[in-house]
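Coordinate analysis (summary)
Now for the letters of each chain:
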Amino acid sequence: MTSEWLLRLRPDGDQDRYTPDSSPATVAEAEADLGPAAVAWAVETAAGAAEKCARQSPEVTVGPVGLRTARRSAEACCIAILRGLLHDTPPHRIQAPPEAVDGNRELVHRGVALDRVLRAVWTSHVHTYERLLTALRRLVEPDRWADESERITRLSFAYVDELTALFTTQYAAEREHWAGSRTAARRQLVDDLLAGRQAAPTTVKRTLGLDLDHHHLAAVLWSDPPERDQEGLFPPLHRLAADVVGASGAEQSLVLPTGASEVWVWASRQQQPPDDLVSVVGEELRARTARWPAGVYVALGPCAPGREGFRAGHLAARETERVAQALGEPGVYAYADIAVLSLLTAVPEHAERYMREVLGSLAEAGAKTAEIRETLRLYLAHGRSRALAAEELFVAPNTVAYRVKRAEQLLGRPLPQDHLPLRLALEIGRVIAP
């Protein structure tokens, strides 16, 4: 087999760091065909491709769910191309992966233009192609480079041509279906309101079912990883949104699906709500999560009145979504609880630079170092109490003491008396992983 070198693909980093975003079925088939290491290479490649798309076509990767969707689509397409190259599959037999079809559909619903979608496809493909050529030169004997490089070039570009044609056809069909739907009209009006554009109260009431003069509690629900339930949903977020509305005691509500794995919610009431409404809703939702599917997040914005409250509460919920996704622990989050983390990481490049300057070697990647950072963070947060940190970490106090000592070694100095800069850097590390 001329392409057996594809089975020897390995990610540049630790293989265990690369968790696939594709469906379990896609991953299982790919690992049986290519092996886990080559699939990890595809995951790593897709992550790099999604980051390039975020820079070159930001409208395709808006928000953490948008970025994850782009990564999932790129990953599934990369796996499909690897399997095609491995078996010398004719281009006309390449099929668009379900993950990419779902991603294409979400882009239609978000109003992303087709040329932006196709540009992202080509950005992802070029990144994958360049990495394939780099790997080829490392894994294949020099006397085979020319022939195998020609084959890789010919087939991989033929594959992406075929996928582009499929995506274009699917995009057109989905756009025609979507354009006349009630959900599309709602999304357009919501986008106008969020952008600060005016809309007649009667139009808002008729289309959204809300009185903008009311007090609004905004929420965003999403699932990670996305895995279909029996109804084909990701998972039944529309039913979970009813829990948010019910817990808030709302008189009016809007539940707006914005993709296969994300829902926006507004729960509105005429009378001014109690000051602790968000906390009460959060606690009630946390009590209900035991019966929710795994991997569900809820981000709650502050409750605020009027048109500006509708907008500001949602923007705060979206920012809560960004931070919660980075923390990576499904559950219920309120903006008030992550506001400091939001401010610290608002400009990721500056935040990462500060973190690395303060933490030094303690900012290095790796599970062990991350464990030490988290132990030190909790130790300082609890007033340098080993017992309280140990209780939260479910470890012995002596383990906390050992990790704090190890943290000092990585820092290259004893813990300072004024540990505010250190605490800030450790908090940044929770969101911006080294």
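Anything mentioned here points back to the structure above.
What comes next is a walk through the structure. Predicted model, so just to flag it, every value in this text is computed and none were measured.

Criteria and cut-off values
Each chain has its residues counted from 1, following the order in which its sequence is written. Residues qualify for local features only when their pLDDT is at least 70, as the model is predicted, and side-chain atom pairs are given and counted only at 80 or more; totals for whole chains, interfaces and linings, by contrast, use all residues. To obtain the side-chain values, all non-hydrogen atoms of the structure were included, while hydrogens and water were left out. Segments assigned H or I by DSSP are reported as helices when at least four residues long, segments assigned E as strands when at least two residues long, and all are numbered from the N terminus. We define a salt bridge as a contact between a side-chain nitrogen of Lys or Arg and a carboxyl oxygen of Asp or Glu at a distance within 4 Å. Any residue under 20% of the maximum accessible area for its type is buried, any over 50% is exposed, and the rest in between are partly exposed; the area is computed with a 1.4 Å probe on protein chains only. Ring pairs are drawn from Phe, Tyr and Trp, using the six-membered ring of Trp, whenever the two centres fall within 6.5 Å, and their geometry is named by plane angle: stacked under 30 degrees, edge-to-face over 60, tilted for the rest. To obtain an axis, a line is fitted to C-alpha atoms, over the contacting stretch when the element is a helix, and the angle between two such axes runs from 0 to 180 degrees between their N-to-C directions. Throughout this description, any angle smaller than 35 degrees is read as roughly parallel, any larger than 145 degrees as roughly antiparallel, any in the 65 to 115 degree range as roughly perpendicular, and the remainder as oblique. Rotating anticlockwise by less than a right angle from the far helix to the near helix defines a left-handed crossing, while the corresponding clockwise rotation defines a right-handed one. Whether two residues touch is decided by their heavy atoms; if any such pair falls within 4.5 Å, the residues are in contact. Residues are grouped as follows: nonpolar covers Ala, Val, Leu, Ile, Met, Phe, Trp, Tyr, Cys and Pro; charged covers Asp, Glu, Lys and Arg; every other residue, Gly included, is treated as polar. How far a helix is expected to stretch is found by multiplying one less than its residue total by 1.5 Å. An arc is given here, and it is the one of the directions from the helix axis to the C-beta atoms. In plain words, nonpolar cores are sets of buried Ala, Val, Leu, Ile, Met, Phe, Trp, Tyr and Cys residues tied together by side-chain atoms within 4.5 Å.

Moving on, we come to unusual backbone geometry. One non-glycine residue, D88, lies in the positive phi region at around 55°. Examined against the element boundaries, D88 turns out to sit in the loop between helix 3 (63-87) and helix 4 (98-109). With a phi angle near 60°, F394 is a residue other than glycine that sits in the positive phi range. Structurally, F394 is set in the loop between helix 15 (386-393) and helix 16 (397-411).

Next up on the list: the pattern of salt bridges. All chains considered together, the criterion is met by 28 salt bridges. Salt-bridge contacts for D243 lead to R288; the nearest nitrogen and oxygen are separated by 3.1 Å. You can see D243 sitting in helix 9 (residues 237-248) and its partner R288 sitting in helix 10 (residues 277-288), a full 45 residues away along the chain.

Glancing now at the side chain of R403. With respect to the helices and strands, the residue R403 is situated in helix 16. Judged by its relative accessible area of 12%, R403 falls in the buried class.

A word on the packing of aromatic side chains. Counted under the stated rule, the structure contains six aromatic pairs. On the numbers, 5.0 Å between centres and 75° between planes, the contact of Y129 with F157 is edge-to-face. Linking Y129 in helix 5 (residues 114-139) with F157 in helix 6 (residues 145-179), this pair joins segments that are 28 residues apart in sequence. The class for Y129 is buried, based on a relative accessible area of 16%. The partly exposed category is assigned to F157, whose relative accessible area is 25%.

Let us now look at the packing of helix 3 against helix 6. Between helix 3 and helix 6, the least distance of the axes is 10 Å, while the angle of their chain directions is 135°. Relative to helix 6, the element helix 3 is oriented oblique. The interaxial crossing formed by helix 3 with helix 6 has right-handed handedness. Along its contact with helix 3, which presents C77, I81, G84 and L85, the element helix 6 presents R151, I152, L155, S156, Y159, L163 and F167. Across the contact of helix 3 with helix 6, the residue classes break down as eight nonpolar, two polar and one charged.

This next bit is on helix 16. Taking 1.5 Å per residue as the helical rise, helix 16 with its 15 residues ought to reach 21 Å, and the 21 Å between its terminal C-alpha atoms agrees with that figure. Those residues of helix 16 that sit buried are V400, R403, V404, A407, E408, L410 and L411. Considered in projection along helix 16, the buried side chains sweep an arc of 160° and stay on one side of the axis. Of the residues in helix 16, the exposed ones pointing more than 90 degrees away from the buried face are N398 and Y402. Contact partners of the buried residues in helix 16: helix 13 (348-359), helix 14 (367-381), helix 15 and helix 17 (420-431).

Bringing the nonpolar core into the picture now. Counting residues in each nonpolar core, the largest one holds 51 residues, and the members touching the most others are V190, W266, L359, L362, L376 and L422. Contacts of L359, omitting those with residues within four sequence positions, involve R373, L410, L411, L422, A425 and L426. A42, A96, L133 and L136 belong to the second-largest nonpolar core, a separate cluster that totals 37 residues.

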